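Chain residues, written in single-letter form:
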Amino acid sequence: MPKLDFAIVCSSNQNRSMAAHKLLSKRGFNVTSFGSGTHCKLPGPTPEEPNIYSFDSSYDEMYNDLTKKDKTLYTQNGILHMLDRNRRIKTKPERFQDCTVKHDCVISCDERVYDQVIEDFENRGNVNGTPVHLINLNIMDNQEEATIGAVLICELCQQIEECEDLDDNIENIIKEFEDKNKRTLYYHVAFY
Amino acid sequence: MAAVVGEDNKRKNTAEMSSMDAKEDENSISDRVIELMNRAQLETDAKEKLVYLKQIQELVIMKDSALLDSFLDEMLAFQHEKSADVQKFILGFLEEACKKDEFLCSKVVYPLAYLLYDQDNVQVTKRAIQCNLNLYRIAFKFIATKKAASDDLLHIWEQFCDMKTYIISLTQHENTGVRTSALKYCEMIVLTQSIKGGITTSTKPDDISLDMLSTTHPIMDFSKLKDEAKSILTFLTDLTLSHKINHTNLLPCVGSLAIIARMRPMHFGIIIACLESLNANLPPTLSKSQVSNLRKHLKIQFMTLLKNPVSIEYQSVLAAILSDLGVTGNEVVNRAKLRIKLNSLYSTDLDSERPPKKLRIGENRTSDAKITDIKIESGSIEINRTAEEIIQKLNSNETVVNLVFASIHRLPNRMPSIFQDCHTPIVSAGSKIQIAHLARLLATQMLSTDNSNIESSESDMMPTLRDVKSEYPRSIKIAGLKEKHSESTRSRKIKQFSLSSLVNYNMNIGEKQALSLSAFERMLKGEENAHHAGMALERIQVLVGLATQLRGEVANAFRNYIFEDIRGRFELACTWLTKEYLLSLAASSQSTEIKNDNDGYSQCLAEILKELTDKLDKEDKLFTHFCLEIPRFTSVAYKVIEDYSKNEGSSKLGLSTMYELILRRPVTKAPLMQKLLDLTVFENEQRRALENLEMVLQIGDNQSNQWSEDSIKMHMSLFMSLLPKNHVIIHNLANMYGKATSNVKRVILRQIEHPIRNIGMSSPELLKFFEQVPSGTETLLTRILYIFTDKSMPSQELIRKVREAYYGKKLDVRALIPIINGLEKSEVIGALPKLMKQSAKVVKEVITRLINPFSDVEESVGPRQTSPLTPSELLLALHQIEDDVKSAIKGFCLSEKSTFTQEVLAGVLQQMLERTTIPILFMRTITTPQSYPVLLQLPAHQLESVFQIAPSLQHNLRQHINLLTLNQRAHIPQSLLFTIENYVVENGKESHDNKET
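Everything quoted here is computed from the prediction, not taken from an experiment.

Definitions and limits used
- Residues numbered from 1 in each chain as written.
- Chains lettered and ligands numbered in written order.
- Predicted model: local features only at pLDDT ≥ 70, side-chain atom pairs only at ≥ 80, totals over all residues.
- Heavy atoms only, no water.
- Helix = DSSP H or I, 4+ residues; strand = E, 2+ residues; numbered from the N terminus.
- Buried < 20%, exposed > 50% of the residue type's maximum accessible area, 1.4 Å probe, protein only.
- Contact = heavy atoms within 4.5 Å.
- Areas by Shrake-Rupley, 256 points an atom, 1.4 Å probe, with all protein chains shown as cover.
- Axes fitted to C-alpha atoms, helices over the stretch in contact; angles between N-to-C directions.
- Left-handed = near helix turned anticlockwise from the far one by under 90°.
- Nonpolar A, V, L, I, M, F, W, Y, C, P; charged D, E, K, R; others polar.
- Pairing = 2+ DSSP bridges.
- Phe/Tyr/Trp six-rings, centres within 6.5 Å; stacked < 30°, edge-to-face > 60°.
- Patch = residues over 30% accessible without salt bridge, like charges linked within 9 Å, V, L, I, M, F, W, Y side chains within 5 Å.
- Salt bridge = Lys/Arg side-chain N within 4 Å of Asp/Glu carboxyl O.
- Buried area = accessible area lost by both parts, 1.4 Å probe.
- Polar contact = N/O pair within 3.5 Å; in protein donor to acceptor, adjacent residues only side chain to side chain.

Colleague: I tried to follow the overall build of chain A on my own but got confused; where do I start?
Modeller: For chain A, the helix and strand inventory stands at six helices and seven strands. The N-to-C order of helical and strand elements in chain A reads β-α-β-β-β-α-α-β-α-β-α-α-β. Per-residue burial for chain A yields a buried fraction of 54% across its 192 residues. Considering only residue pairs separated by 6 or more positions, chain A has 72% of its internal contacts joining residues 24 or more positions apart. As presented, chain A carries roughly 8,800 Å² of accessible surface, and 48% of it is formed by carbon and sulfur atoms.

This is the structure we're talking about:
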């Protein structure tokens, strides 16, 4: 039984998806992470002034840029730490909509991201008919919640990876997860 | 460290390989494939085998597809491997190969079928279904583009069709994944076997559809495939609503339906209805989180559908569903805006049902699809009906309160977190739209409960709703919760008046109609009351409004009422007609279809016209008045007017109506003019034209100042040119002439010449006219006679007729003048006394004609006419007239010296003298100075007797002689001179004669 391919998607491929990415690869899953937004957004000095990067910018570049801008601020709010973690995992953020690789399971971290993922699958045109399981777990976009979320995602992926026939069991896996963690998931089967 | 070295080596190897690859020619690739193939065959470990196979695939498909053909069979041989992974790989390989080269369809179909059918591994089955999903489309396109049939192609197609049937049956498979794939396959079949239609939001370039298939394809049956797609779609919708489907399958099923709706607009309506129904009646087997999940998905799908240009028709439904799903109005509007943008990109052509090419004649439609279609439609009709009834119930506060009380004890003590999560406050609670939507939700639940025949033990929970549907939905779930929320706002509202909530008695249609009719009749009778109340105008408006809305019996009653006193209620009829016209205008502005003659307006108009023609006097001008009031003329109206003009008795009115309409209603000008012209040319042609003429002349009578000579001429020109073609109408002219004014008569007399000449005097109709001589036409007849005799001799027939008419006292003596030369001598002599009594002009005419037939026409042809009387006979005859004809004799006869020569005069005198009694007028002739020479030639004795009669002559003669020259005197005999000089009158008669002279 070959390993499943997991994709973890958040908005900017910085915090939530990367936290999960780190944990999942550490646990030996086949995992990639993505952002679904049009840009990578990082907090700025005020909520009105976020730092916006394109998906082409590498984590390293962002790290250096922010260090230059206000090292103290971005060290204090943990952004530099996060970018440092990220650049050790991969060179730059990836946009989910630009990804051509097929996954078995896509887990999103936000309802809006989930919507964007579904819309992307609809836009792709369902040519192939290969099913893909989409799951959404709402995680607040902060460091603590991202860490908790990563653990939850890892637990979920563990269940998914372990089951013999995912299609047949996904319903139960979701239900058990929801009951156990008092969380509500969104779930869908999309097709490549 | 070792790992790092290993990495380096690997990199080195790949670098070497790539450089080698670049150098490699085809043969070396082929050699490499053979080597890999051998290794793969010998390899026992499935994983390793797979590695080799993947390399081969890379080489033969990506690298050099020319090798594909040569190694295909070898690759296909691996299908018999036990390993599921290898089998799955082979399926993937088939797919890739066919994508590269569609000709391979024929080769891959058997291994594909093998891997699909003989399978106990669900993973392989799933992969086989997916493979089929792709290959079916490729094969469809491949075969559809082939014009000619071959056994090979037919065989491939049959294989794919068999697999299709098998895969559809797999939707009932025990494995969820297999079902999911099979459902996706169904979606593909519907997409492939439906027509694209005008607009799809599909951006896929490779969107294979029924459009690429000709209706006359030798292998694939267009209509059969289309019907199959329909029935599969129905299967999908039924499955979606069946409640037997689990959550995991329901999601892709909904997704598939949404995709079909987007890509094949022809199915949009069915799918919206299905999804709406699903939303209103979620499967009871779902857990709470699954419900919220499904609602989330429905929301996503509906939002996507709202973007679709086709959704414009279903906007209100979609908006209601979306607001139920918690989408704000703003979001809906934003989506709709997106759609409008799309709309401008795609031309809106929704006529997607039409096949692209002509349908095969005698096609065998599978009735299956049709029946299910009807089922869905009738279902939605029933829902609508039930919903309407529920709306009425919901408008009553009492019912709502009862509902809340009935369901409140079923609510949990604490609000469940799941409800908190998925609940969205209803923005428009208590509004009409929300109530309507709520009613629809309830109706859907009720009906589906009905359909699944679940007898609810809680059916007595809703006593107030029971008479709508006896079964109470066992799950009020979300709808019930909403009810509570909407209730709080609604109860504050003032109760709306609703007749049906007060009146419980259900009347049947017959009773309803009878009651409404009698109410209407009471209103008709209430004219006076309304008038007293100052509501006459309102009453008319109400009556007209009811008549136009209800039509049928009410309209009949109204029409009868109007025609009881059409004069008094004429305005009512006009108002009614105008109202109908306005309605028809409104209707035609909504629909683009051209005005037809079957709408309410046309019927109303036709019936009023019918009554008018039946009830009115044939010459009642009210008909014309009404016609002038007609807002829009229908073919029926034209027909009625035309019939009026054709029928005996009413034709005058019909024609004058046409005339009025042409003058006053420019719209009718062209058609009515055409009709009028038709009337003049075709049946009863002359008579019609004549009546038109007659009408014109009569109008000329009334408004003579408006009728100039020119306009009379203009109106007559048609008749005048018609006359020579059909002589019969001369009688009509004659009849009319008698009544015409002098002004008109004059014009006619002037105009008649040309047509009369064309008719000729031998025309039997003309002769008949002379026989009949209607009163007042004498001048006309005379004129005609003059025209005939002007240049030629009248025919015997004509003379005979005129003569008969004359003796029959029908004609004046003047009529004889033109034909006088054709008469017998005795007749002329007989008529002369009367003729001589006429005016000098006439007398001259008579004399001239008698003396000199055609004196003024030198080139006259035909037999030379001779006068019935010689000049001397004429003179004699004139003398025998007892009245005073002296001026005639003097003025006309004797001035014509060429005719009345001395010899003639002498002869006449001689004849007169020979008579026993000399006519009284004898001397009239001889006393003229011209007669002196004649007298001088008389013998002396005779001269004496002359003198005796007229003594004054003697003196005159004497003076005459004195004036003569000597030479002239020498010719006179002496005896005569003596007599003249010396004769003494003995008689005393001379005094009288003197006076005469």
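Colleague: So what exactly am I meant to see when it comes to the packing of helix 7 (residues 122–144) of chain B against helix 8 (residues 151–169) of chain B here?
Modeller: Packed helix pairs are characterised by how far apart their axes lie and by the angle those axes make with each other. Residue and element names in this part refer to chain B. Across the interface, helix 7 lies against helix 8 with an axial gap of 11 Å and an inter-helix angle of 145°. Classified by chirality, the crossing of helix 8 by helix 7 is left-handed. Within the contact between the two elements, helix 7 uses Ile129, Asn132, Leu135, Tyr136, Ala139, Phe140, Phe142 and Ile143 and helix 8 uses Leu153, Ile156, Trp157, Phe160, Met163, Lys164 and Ile167. Class assignment for the residues of the contact of helix 7 with helix 8 results in 13 nonpolar, one polar and one charged.

Colleague: Mind showing me how you'd approach the pairing of strand 6 (residues 131–137) of chain A here?
Modeller: Regular strands place their side chains on alternate faces of the sheet. Residues and elements named next belong to chain A. Counting buried residues in strand 6 gives seven out of seven residues, a clear majority hidden from the surface. The alternating pattern of strand 6 places Pro131, His133, Ile135 and Leu137 on one face and Val132, Leu134 and Asn136 on the opposite face, and all of these are buried. As paired elements, strand 5 (residues 105–108) and strand 6 share four bridges and run parallel to each other. Bridge assignment links Ser108 to a residue of strand 6, and that residue is Asn136. Bridging between strand 6 and strand 7 (residues 185–191) involves seven bridges; their strand directions are antiparallel. When the bridges of strand 7 are listed, Leu137 appears paired with Leu185.

Colleague: Please explain the pairing of strand 7 of chain A as it appears in this structure.
Modeller: Extensive coverage of strand 7 of chain A is indicated by the burial of seven of its seven residues. Burial along strand 7 of chain A is two-sided: the residues Leu185(A), Tyr187(A), Val189(A) and Phe191(A) and Tyr186(A), His188(A) and Ala190(A) are all buried.

Colleague: Would you take a moment to explain the packing of aromatic side chains for this structure?
Modeller: Geometry of an aromatic ring pair is reported as the spacing of the ring centres plus the angle between the planes. With the rule as written, the count across this model stands at 19 aromatic pairs over all chains. Arranged with centres 5.0 Å apart and planes meeting at 75°, the rings of Phe121(A) and Tyr192(A) form a pair that is edge-to-face. Taken together, the residues span a long stretch of sequence, with Phe121(A) in helix 4 (residues 111–124) and Tyr192(A) in the segment after strand 7 at a distance of 71 residues. There is no split in this pair, since Phe121(A) and Tyr192(A) are both buried. Taking 5.4 Å as the distance between ring centres and 15° as the angle between the ring planes, the aromatic pair formed by Phe633(B) and Tyr638(B) counts as stacked. Under the relative-accessibility criterion, Phe633(B) is labelled buried at 11%.

Colleague: Explain the sheet that holds strand 6 of chain A here, please?
Modeller: The strands that make up a sheet are held in pairs by hydrogen bonds between backbone atoms, and each pair lies either parallel or antiparallel. Residues and elements named next belong to chain A. Taken together, five strands build an open sheet; the order of strands is 2-1-5-6-7 and the sheet is mixed. Unpaired on one side and paired on the other, strand 2 (30–35) and strand 7 mark the two borders of the sheet. This sheet shows a mean twist of 20° between the axes of neighbouring strands, independent of strand direction. Along the sheet, helix 1 (residues 16–26) makes contact with strand 1 (5–10) and strand 2, crossing strand 2 at roughly 170°. Against the sheet, helix 6 (residues 166–181) contacts strand 6 and strand 7, and its axis sits at roughly 5° relative to strand 6.

Colleague: Explain a nonpolar patch on the surface to me, please; I cannot follow it from the model alone.
Modeller: All names here are of chain B. On the surface, a nonpolar cluster with roughly 280 Å² of combined accessible area is contributed by Val401, Phe405 and Ile408. By the secondary structure assignment, Val401 is in helix 17 (residues 397–408). Looking at Val401, the relative accessible area reads 32%, which means it is partly exposed.

Colleague: Any chance you could explain the interface of chain A and chain B here in plain terms?
Modeller: It is common to give the size of an interface as the accessible area lost on bringing the parts into contact. Taken together, the contacts link 29 residues of chain A with 36 residues of chain B. Taken together, the two surfaces of chain A and chain B that pack against each other cover about 2,700 Å², and 46% of this comes from carbon and sulfur. If you sort the residues of chain A by the area they bury against chain B, Glu122(A), Asp167(A) and Glu171(A) come out on top, with a joint share of 20%. The salt bridge partner of Arg262(B) is Glu122(A), with a shortest N-O separation of 4.0 Å. At the boundary of chain A and chain B, one finds 14 residue pairs in polar contact (both at pLDDT 80 or more). When residues of the side of chain A that touches chain B are traced back to their parent elements, those giving at least two are helix 4, helix 6 and strand 7 of chain A. Tallied by class, the residues present in the side of chain A that touches chain B amount to eleven nonpolar, seven polar and eleven charged.

Colleague: I tried to follow the pattern of salt bridges on my own but got confused; where do I start?
Modeller: Two side chains of opposite charge can pair, provided their charged atoms sit close to one another. This model, assessed by the stated rule, comprises 32 salt bridges over all chains. A salt bridge links Lys307(B) to Glu119(A), with the shortest nitrogen-to-oxygen separation between them at 3.8 Å. Here Glu119(A) lies in helix 4 and Lys307(B) lies in helix 13 (residues 288–307), a pairing that spans two chains. One salt bridge in this structure joins Glu611(B) and Lys615(B), with 3.0 Å as the shortest N-O distance. With Glu611(B) and Lys615(B) both in helix 27 (residues 600–615) and four residues apart, the pair spans about one turn of that helix. Here the residues in one salt-bridge network are Asp60(A), Asp84(A), Arg87(A) and Arg88(A), joined through shared partners.

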